[in-house]
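Here is what each chain is made of, one letter per residue.
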Amino acid sequence: MVQRREPTARQVRLGVELRRLREASGMTGAQAAALLGANRVQISHIELGLTGVSEERVRRLASHYACTDGEFIDALVGMAADRTQGWWEEYRGLLPTSFMDLSELDHHAAFQKDVAILYVPGLLQTEEYARAVFSSRLPELTRAELELRVSHRMARQTKVNFPHEIVLHEAALRIRVGDRAVARAQLIRLLELSESDRITLRIIPFDLDDFAVASSTMTYVGGPVPKLDTVSRDAPHGSVFLDSQAQLNTYRTRFHKVEGVSLEPDRSRDFINRLLKEL
C-alpha cells in the first residue's frame, strides 16, 4: 500500500476510530497485526491515516475488537471505501490544508450546528464580508491569497445542502466588519437565508439572561452516526477538529443550552430587521 504524504482529516479520523476500537479491546498493535497477517508498522500506518485499509479488513478488525455496533462499522467501511475527489482539490497546494479539511467535512455532513459570537459564520457570509474578514488577518495576505480564500468560501456555500442551525450573538451582528454597506448587505443576506427550509437562525441579544453558556464559538458537524460527529474550532493556525466522545457530549450539551436561551426564529428575524433599520 502506497503511503500517503498528507492524509486528509477524514482519513485520519478513520485511523483514530480503529485505534480507539483496538485500545478498547485491550489488544496491542502487534496482536492486531498478527490477526491480519500484517506487521505492527502496517497497523500503525493505518491508525495514523498514512495508508488506506480495505473494507474487508475494517470488518475483520472490528470483529477481532469485539465491536457489535453494526451502524458504526458500516460507517467506518464507508469511510474506508470513499475515494471522493471533491471540488476543493483545485485549491490543494494553494490554500492551507485546513481549508480542504473543512470542505471535506461539509461534503460528508449530515447536519451542522453553529454558535457564533464575534463573526457571522463562513457559510453565511456575503462575499464582501468574507473579504473584509480575510483582509483583517495578520500577517496580511497578498491580494492573490486573499482572493483565493474568498473564492473558496463562496464555493463552499454553493455546495452545502444539509440542515443548518445557527445561533448568533448580537455582537456578531453589530461588530462592523467592513463599512456600513457591507454590514447592511450582510444583515439582508441573513434575513434571506433565514427563510430557507434547511436553515434555522436564532439570535442572542445582549440583554438576554444566561449568556454565559454562549461564551465561545463552535461548529458541530453531524456524521453518518453520532460517534462520527465532529466539532470544529477556529485557532490561529487553522481549524482544530475535536472528536472524542467526551468532547462531543460536552458540545452537544453546550449547543442545547445556547439554543435554549436564544430567541425563536421569528423573533430573531424581527430583531435583525430592527438592526437593519438602524444602519
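Above this text sits the structure in question.
Observations regarding a nonpolar patch on the surface
Okay, step 1: Judged by side-chain polarity, Leu118, Tyr119 and Ile175 come together as a nonpolar surface patch covering roughly 270 Å² of accessible area.
Okay, step 2: Take Leu118: it is sitting in the loop between strand E1 (111–116) and helix H7 (127–135).

As for the nonpolar core
Okay, step 1: Grouped together as the largest cluster of nonpolar side chains are 24 residues, with contacts concentrated most on Leu14, Leu18, Val53, Val58, Phe72, Leu76 and Leu228.
Okay, step 2: Counting residues per element, the ones that place at least two in this core are helix H1 (9–25), helix H2 (29–36), helix H3 (40–47), helix H4 (55–64) and helix H5 (70–81).
Okay, step 3: Sort the elements by how many residues they give to this core and H5 lands first, with seven residues.
Okay, step 4: What Leu14 contacts, discounting residues up to four positions off in sequence, is Val53, Leu76, Met79 and Ala80.
Okay, step 5: Membership of the second largest hydrophobic core comes to 23 residues, among which are Val120, Leu124, Ile203 and Leu275.

Topic: the packing of H7 against helix H8 (residues 143–159)
Axes are the key here: two packed helices are described by the angle between their axes and the distance separating the axes.
Okay, step 1: At their nearest, the axes of H7 and H8 sit 9 Å apart, and the two run at 135° to each other. Overall, the two elements H7 and H8 adopt an arrangement that is oblique. At the point where H7 passes H8, the crossing takes the right-handed sense. Contact residues: H7 offers Glu127, Ala130, Arg131, Phe134 and Ser135, while H8 offers Arg143, Leu146, Glu147, Arg149, Val150, Arg153 and Met154.

Considering the environment of Arg92
Okay, step 1: When you line up the elements, Arg92 lands in the loop between H5 and helix H6 (97–108).
Okay, step 2: For the pair formed by Arg92 and Ser232, sequence separation is 140 residues and the distance between their alpha carbons is 20 Å.
Okay, step 3: A distance of 2.7 Å separates a polar atom in the side chain of Arg92 from a polar atom in the side chain of Glu89.

Let's talk about the layout of surface pockets
Okay, step 1: In this structure, the second largest pocket encloses a volume near 510 Å³.
Okay, step 2: Lining of the second largest pocket is provided by 24 residues; of these, Arg4, Thr8, Gln11, Asp82 and Gln85 occupy positions nearest its centre.
Okay, step 3: Those elements that provide at least two residues to the lining of the second largest pocket are H1 and H5.
Okay, step 4: Per-element tally for the lining of the second largest pocket: the top contributor is H1, with three residues.
Okay, step 5: Grouping the amino acids of the lining of the second largest pocket by side-chain chemistry returns eight nonpolar, eight polar and eight charged.

Some details on the pattern of salt bridges
Okay, step 1: A complete count under the given rule lists 25 salt bridges for this structure.
Okay, step 2: Of the charged contacts in the structure, one is a salt bridge between Glu17 and Arg13, with a shortest N-O distance of 2.8 Å. Of this pair, Glu17 and Arg13 both sit in helix H1, four residues apart, roughly one helical turn. The same class applies to Glu17 as to Arg13, namely buried.
Okay, step 3: With a closest N to O distance of 3.4 Å, Glu264 and Arg202 form a salt bridge. Linking Glu264 in the loop between helix H11 (245–261) and helix H12 (265–278) with Arg202 in strand E3 (residues 199–204), this pair joins segments that are 62 residues apart in sequence.
Okay, step 4: For Arg202, a relative accessible area of 13% translates into the label buried.
Okay, step 5: One salt-bridge network, held together by shared partners, links Glu127, Glu128, Arg131, Arg143 and Glu147.

Procedures and definitions
Residues numbered from 1 in each chain as written. Predicted model: local features only at pLDDT ≥ 70, side-chain atom pairs only at ≥ 80, totals over all residues. Heavy atoms only, no water. Patch = residues over 30% accessible without salt bridge, like charges linked within 9 Å, V, L, I, M, F, W, Y side chains within 5 Å. Areas by Shrake-Rupley, 256 points an atom, 1.4 Å probe, with all protein chains shown as cover. Salt bridge = Lys/Arg side-chain N within 4 Å of Asp/Glu carboxyl O. Helix = DSSP H or I, 4+ residues; strand = E, 2+ residues; numbered from the N terminus. Core = buried A, V, L, I, M, F, W, Y, C linked by side-chain atoms within 4.5 Å. Buried < 20%, exposed > 50% of the residue type's maximum accessible area, 1.4 Å probe, protein only. Contact = heavy atoms within 4.5 Å. Axes fitted to C-alpha atoms, helices over the stretch in contact; angles between N-to-C directions. Parallel < 35°, antiparallel > 145°, perpendicular 65-115°, else oblique. Left-handed = near helix turned anticlockwise from the far one by under 90°. Polar contact = N/O pair within 3.5 Å; in protein donor to acceptor, adjacent residues only side chain to side chain. 1 Å grid on protein atoms, 1.4 Å probe; cavity = no way out; pocket = protein on both sides within 12 Å on 5 of 7 lines; lining within 4 Å. Points joined across faces, edges and corners; volume = space filled by probe spheres on them. Nonpolar A, V, L, I, M, F, W, Y, C, P; charged D, E, K, R; others polar.

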